[in-house]
Structure formats: C-alpha cells, structure tokens
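Chain residues, written in single-letter form:
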Amino acid sequence: MISRRRFLVLVGASAAMAMLPLQISAKSIGSEAKNEAKRRWAMVADIEKCTECMRELIKKTGNEEVKPPCVVACDRENNVPEFEEKEIDPQWMRIVKFKNKFGEEFYVPLLCNHCENPPCAQVCLTQATFKRSDGIVEVDMHRCIGCRYCMIACPYGSRSYNFKDPREGLREVNPKVPMRTKGVVEKCTFCVHRVDEAIANGREPEPACVEACRKYGKNSLVFGNVNDPNSGISRILKESIVIQLRPELGTDPHVYYLPKR
Amino acid sequence: MYHKKYVIPLIVVFLALAFSPLIYNAMAKSLGHYPEITKPKGECVESAEWMRANHMLLLQEWRINAIRHGAEGGRIYHSFTYGKEFHASTNTCWECHQDKTVFCDKCHNYVGIKPECWDCHWNPSLEIPVR
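If you're wondering where the values come from, they're calculated on a predicted model, not measured in any experiment.

Novice: Could you clarify how one ought to interpret helix α1 (residues 4–18) of chain B in this entry?
Specialist: Working note: α-helix, 3.6 residues per turn, so residues spaced by three or four point in the same direction. For α1(B), which comprises 15 residues, the first-to-last C-alpha distance of 21 Å matches the rise-based estimate of 21 Å (1.5 Å per residue) to within 8%. Burial analysis of α1(B) places just zero of its 15 residues in the buried class, a small minority of the element.

Novice: What is the right way to read unusual backbone geometry from this model?
Specialist: Excluding glycine, residues mostly have negative phi values, and the peptide bonds linking residues are mostly trans. Residue and element names in this part refer to chain A. Even without being a glycine, H114 presents a positive backbone phi close to 45 degrees. Mapped onto the elements, H114 comes out in the loop between β3 (105–110) and α5 (119–123). You will see that F190, though not glycine, has its phi angle at about 55 degrees, which is positive. Its place among the elements puts F190 in the loop between β7 (185–186) and α7 (192–200).

Novice: I would appreciate a short explanation of the interface of chain A and chain B in the present structure.
Specialist: Often the size quoted for an interface is simply the accessible area lost on bringing the parts together. The partner chain B presents 16 residues to the 23 residues of chain A that form the contact. Of the residues that constitute the side of chain A that touches chain B, the class distribution is eight nonpolar, three polar and twelve charged.

Novice: How should the nonpolar core be read in this particular structure?
Specialist: One broad rule of soluble globular proteins: the nonpolar side chains tend to lie buried together. One finds M43(A), C70(A), C74(A), M93(A), C209(A) and L221(A) to be the most contacted residues of the largest nonpolar core, which totals 48 residues. What M93(A) contacts, discounting residues up to four positions off in sequence, is C70(A), V71(A), C74(A), P109(A), L111(A), C188(A) and C209(A). Among the nonpolar cores identified, the runner-up in size contains seven residues, and V45(B), W62(B), I67(B) and Y77(B) belong to it.

Novice: Even after reading the chapter, I still don't get the domain arrangement of chain B, so can you show me in this structure?
Specialist: Partitioning chain B into domains gives domain 1 (1–30) and domain 2 (38–125). Centre-to-centre separation of domain 1 of chain B and domain 2 of chain B, based on C-alpha positions: 42 Å.

Novice: What is the right way to look at the pairing of strand β2 (residues 94–99) of chain A in this model?
Specialist: Moving residue by residue along a regular strand, the side chains alternate between the two faces of the sheet. Residue and element names in this part refer to chain A. In terms of residue burial, β2 counts as a barely covered element, since only zero of its six residues are buried. Note: β2 against β3, six bridges, orientation antiparallel. Residue I95 lies in a different strand from β3, and its bridge partner there is P109.

Novice: Quick question: what am I supposed to make of the sheet that holds strand β8 (residues 221–225) of chain A here?
Specialist: One key point about sheets: their strands pair by backbone hydrogen bonds, in either a parallel or an antiparallel sense. Residues and elements named next belong to chain A. Judged by pairing direction, the sheet is mixed, and its three strands sit side by side in the order β8-β1-β9 without closing on themselves. Edge positions in the open sheet fall to β8 and β9 (255–258), since each of these has one partner strand only. Taking each pair of neighbouring strands and ignoring which way they run, the sheet shows an average axis angle of 20 degrees. Direction of pairing for strand β1 (residues 41–46) relative to β9: parallel, over a ladder of four bridges. Looking at the pairing, D46 lines up with L258 of β9.

Cut-offs applied
- Numbering of residues starts from 1 in every chain and runs along the sequence as written.
- Each chain takes a letter, starting from A, and each ligand takes a number, starting from 1, following the order in which they are written.
- For a predicted model such as this one, the threshold for reporting local features is a pLDDT of at least 70, and the threshold for listing and counting side-chain atom pairs is 80 or more; totals across whole chains, interfaces and linings nevertheless cover every residue.
- Helix and strand definitions follow DSSP, with helices as H or I runs of at least four residues and strands as E runs of at least two, each counted in order from the N terminus.
- For a helix, the expected span equals 1.5 Å multiplied by the number of residues minus one.
- Exposure is read from a count of other C-beta atoms within 10 Å of each residue's own; the residue is exposed at 12 or fewer, buried at 20 or more and partly exposed in between. C-beta atoms are placed from the backbone.
- By definition, residues are in contact whenever their C-beta atoms, placed on the basis of the backbone, come within 7 Å of each other.
- Classification convention: Asp, Glu, Lys, Arg as charged; Ala, Val, Leu, Ile, Met, Phe, Trp, Tyr, Cys, Pro as nonpolar; all other residues, Gly among them, as polar.
- Throughout this description, the term nonpolar core refers to a group of buried Ala, Val, Leu, Ile, Met, Phe, Trp, Tyr and Cys residues whose C-beta atoms join them within 7 Å.
- Note: domain ranges come from an automatic or database domain assignment.
- Whether two strands pair depends on DSSP finding at least two bridges between them.
- Angles run from 0 to 180 degrees between N-to-C directions of axes, and those axes are lines fitted to C-alpha atoms, restricted for helices to the stretch in contact.

Put into structure tokens, the structure is as follows:
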C-alpha cells in the first residue's frame, strides 16, 4: 500500500514534469548573448496593402493563385525553380489567404522570418544553417546533407526541400545567386548577396521583393536595419502596432506585419 | 629457381599489364602529352604559378568567407600578390576565364577530377533548362 507521503511526492513530481515542457522555448535553448552587432536586418509587411494588391491582381487576371510582383521578382532573383507538382515546388516567398473571425479575407506574404533564436539552426546536424552576425539566417548548401530536420523545426514552414534538380524547373538564371542541387534545403535569405554588395558600396540594401513592391507602386514591404534608430523600419516599429507570427514560441521573428487598421 | 617455366612468363605478363598505359600512350604518340589550355586575358587574383597549385584552396577560402563571414566583409578578398581587392565569387573568375570547356575542363578531365561546383554555380557554358 502506498503511503500518503509517497503519494504526495509522486503527485508533486508528475505535476513538475508536466510543467517542464511549457518552460522550454526557442529562447531558453538559444544563446543568451544580446545582439550587439551594428546591423540587424528586418522586414515589415503591410497586410492592408498586400490584400489590396492581391485583390486587384486576382480581379485583373481571374486567377486565384496569381503570383504578385514580389514573388515573381524573388523567383527570378534567387533562381527559385517552378514545377508543375505543387508538393515539390520550392517556394521562398508565398502569399497566403487568411480569414479572420468576422469572415474578412487577408493576403499575407510568408517568407523566412530570420528569427533571433532560429530553431532551424539549433537542430541542424552539420551546422549548415546558421545565423550571421547581422541576423540573417543562411543555409550553407555545401554542408547541407538534406536531413530535413530544419523543415520540421521551423514553425513557419518557410523551408523547401529540393526533391528534383532545380535546374530542370528554371527558364533563366541569375548568375549572382547559385542554383541549388537535388537533396538540399533552401529558403529566403533576405537576398544576402544584395545586402553584402550594398554594404560594400555604402548603399542601403534592398531585397528583390521589396524593390519589386516599390516599383509596382504599393510600398507594402519595408526592409531595413532595426539597430539603427533613424532607419525607416525603426520608425515604423516605434510608431505602429506590429505583429509577429507565433511570438509565443520565443523565436523572436524579424518579419513584422502591420495589421489591418 | 623452382617452376621456372611458369614464373617467368607470368612476370612478363604482369609487367606488360602494369606498363600497358605507358605502352598504349607510346603507340598512340601521346606520351608526355599535357592538355593545352587557352590562356585567358588579364591577370589572375594571384600569380599564375600559385594559382596552378592552390586554386582549390583559394576557392574554398572564398566560399567559407563569403558564406560564413559575409556580414563582416567576407566577400572582399585581398590579393597578397598584387595587394588589390577582389569580390570573392566564382563570377569573378568568369570575368577573365570566359569559357569553362577550354580552361577548367581540360586539366580536370586530364587528371580525372569531377568538381561539383557547377552543379549549382553559374558558368558561361551553362545550358538552361538542364534535361
């Protein structure tokens, strides 16, 4: 027969065990070191403007799955292949339709969130995925073995696996960005080649999607350095209420969304 | 010597097999043949002699610096021969070496090496779409 004392100890221990998983988040596993770097890249997307743009495009083309200028520019810039089969088609940036409780529909761009505590980098067996000092989470394709742990770890589903040689799905190639090969995982890099080139030349960097958005006249996407208090993005983050995707996970994503006002 | 009539012919057969590449090349008049590569215009990032021996190490260094330390200016390479700055990318190579088939492939085929660089990286002889 179990004694009362022993019973209470067991109940207490199981309660503590049940609580434990709740305490673990990407933040508690990630390093405690504060980001002291000069630059920290981030992006803001205005959901209202994105929705407006997508509604116009769908009305104009009549195609529910039309690719807006940002996605087209991203695919062209980063040599993202296009395959007929939707299950294996790699996507770096995509537009997703959301519905809120009142039945209103939104179109939201989804891309790699470049988390402060990236779960994908934490699980990477070969340390192919890593976070640069300026916050960009990058995949070293030379080291990637295609185990797809990162795809399971990523809470945003922003990674794609190359089931086929991506060159089969390319019609033109941008020489500045390497294509990928069969068996590696790829994702948005915030156009890291553009960022490095612009910094070397002393200019303000602008990823392909942001450039396309600006040229299309929507100005929904804003890219910039959040460690610089005078940058455009810092002002937006200070003045507006922005939302992050799944902030409760402790990943601290650096793609912010301006909700519908 | 025991089993003379077996051992000596077998030694001769063994030597003939071992030297067969040499004999084949001597008969095909390609003995002492080296691949002829088309000299590119312009100067390389380092001296030609150093590059001949160490180009793979240089490319590996570029790769690590550009990807891992890109945020700290890793994409800029300082040449120790000429003291100049170069953009660390395979595209920098293609500015002078304008054809892969007459430069890289010549030597690599000669020594039987198949680098995997061009599975992903762009090169001027690339054909798209790949079937």
